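Coordinates in review
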Amino acid sequence: MKVSEAMHGPAEWVEADTPVSEIAARMAKDDIGAVPIGKNDKLIGMITDRDLATRVVAKGLNAKKTTAEEVMTKGIVYCRTEETVEDAVHLMDQKKIRRLPVLDDKMRLTGMLSLGDVAHAAGLQLAGELTRAVADHHK
């Protein structure tokens with residue numbers, strides 16, 4: 001199965017200078033746990049709910065003044081729409097991540113592939129293997 005068949009979309013990224021308070025509000029409104037971050041028309045990072053908790057709240061930063069770029073996870077790991085779900089799962093396993101931005105053939109963000117998407121599309125065995133892999137550091 002191709003990633004394009006399993007992912008959820010559409011997906012949008014926010015600008016690097018966006019206050020994290022706006023990102024948190026968006027996460028709450030859309031019931032999502034990660035938002036890709038862009039600058040100069042390129043993806044440059046990702047903000048997760050965990051990033052907000054550990055890099056903003058735990059440090060007592062002002063969420064209205066702190067920008068995405070200041071606390072995001074830098075760099076971007078992504079997959080492509082035409083890749084197989086199995087290949088994407090191997091990448092998630094290798095990088096120990098639960099969500100992947102999905103880029104199309106023009107390198108444009110088109111969706112997200114999450115652990116939940118894998119569970120629904122690829123079956124329980126593959127989802128179970130991925131869950132074990134990304135939770136490995138919690139032993």
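The coordinates are above.
The model shown is predicted, which means the values in this text are computed figures rather than measured ones.

Side note on the side chain of Thr81
Summarising the element assignment, Thr81 is placed in the loop between β5 (79-80) and α5 (85-95). The exposure class of Thr81 is buried, given its relative accessible area of 10%. Residues in contact with Thr81, not counting those within four places in the same chain, are Lys2, Val3, Ser4, Met7, Val102, Leu103, Asp104 and Thr110.

Observations regarding the pairing of strand β6 (residues 99-103)
Across the five residues that make up β6, a large majority, four, are buried. Here β5 pairs with β6 via two bridges, running parallel. Its bridge partner lying in β6, Arg80 is registered against Leu103. Bridge count for β6 against strand β7 (residues 109-114) is five bridges, and the pairing is antiparallel. In the strand pairing of β7, Val102 is matched with Gly111. The turn joining β6 and β7, which pair antiparallel and follow one another in sequence, is formed by five residues; a positive phi near 65 degrees is taken by Met107.

Notes on the sheet that holds strand β1 (residues 14-15)
In spatial order, the strands read β1-β2-β3-β4; together these four strands make up an open sheet with mixed pairing. With partners counted over all chains shown, the strands left at the sheet margins are β1 and β4 (73-74), one partner each. As paired elements, strand β3 (residues 42-48) and β4 share two bridges and run antiparallel to each other. Bridge pairing in β4 places Gly45 opposite Lys74. With respect to the sheet, helix α3 (residues 49-57) is in contact with β3 and β4, its orientation differing from that of β3 by roughly 70 degrees.

Some details on α3
Within α3 the residues assigned to the buried category are Asp51, Leu52 and Val56. Buried positions in α3, seen along its axis, are confined to an arc of 95 degrees and lie on one side of it. The secondary structure elements touched by the buried residues of α3 are α2 (20-30), β3, α4 (68-71) and β4.

Overview of the environment of Asp49
Within the element layout of this structure, Asp49 appears in helix α3. What makes Asp49 partly exposed here is its relative accessible area of 40%. As a C-alpha pair, Asp49 and Ala24 span 25 residues in sequence and 7.6 Å in three-dimensional space. Setting aside residues no more than four positions away along its own chain, Asp49 makes contact with Met27, Gly33 and Arg99.

Digging into the sheet that holds β5
One open sheet holds the three strands; their spatial order is β5-β6-β7, and the pairing between them is mixed. Because the sheet does not close on itself, it has two edges, and the strands there are β5 and β7. This element, α5, spans β5, β6 and β7 of the sheet and lies at about 135 degrees to β6.

Description of the packing of α2 against α3
Closest axis-to-axis distance for the α2/α3 pair is 10 Å, and the angle between their directions is 145 degrees. As for how α2 packs across α3, the hand of that crossing is left-handed. Of α3, the residues touching α2 (which contributes Val20, Ala24 and Met27) are Asp49, Leu52 and Val56. Among the residues forming the contact of α2 with α3, the class breakdown is five nonpolar, no polar and one charged.

Calculation criteria
- Residue positions within a chain follow its written sequence, with the count starting from 1.
- With pLDDT at 70 or above as the cut-off, local features in this predicted model cover only qualifying residues; side-chain atom pairs require 80 or more to be listed or tallied, and sums for whole chains, interfaces and linings still use all residues.
- Just so you know, side-chain values use all the structure's heavy atoms and leave hydrogens and water out.
- By the criteria applied, helices consist of DSSP H or I runs no shorter than four residues and strands consist of E runs no shorter than two, each listed in order from the N terminus.
- Here's how the labels work: a residue is buried when its accessible area is under 20% of the maximum for its type, exposed when over 50%, partly exposed in between, all with a 1.4 Å probe on protein chains only.
- We call two residues contacting when some pair of their heavy atoms lies within 4.5 Å.
- Strand pairing is assigned whenever DSSP detects at least two bridges linking the two strands.
- Axis definition: a line fitted to C-alpha atoms, over the contacting stretch in the case of helices. Angles run 0 to 180 degrees between N-to-C directions.
- Summarising the geometry, the arc corresponds to the directions from the helix axis toward the C-beta atoms.
- Left-handed describes a crossing whose near helix is turned anticlockwise from the far helix through less than a right angle; right-handed describes the clockwise counterpart.
- By the convention adopted, Pro, Cys, Tyr, Trp, Phe, Met, Ile, Leu, Val and Ala count as nonpolar, Lys, Arg, Asp and Glu as charged, and the other residues, Gly among them, as polar.

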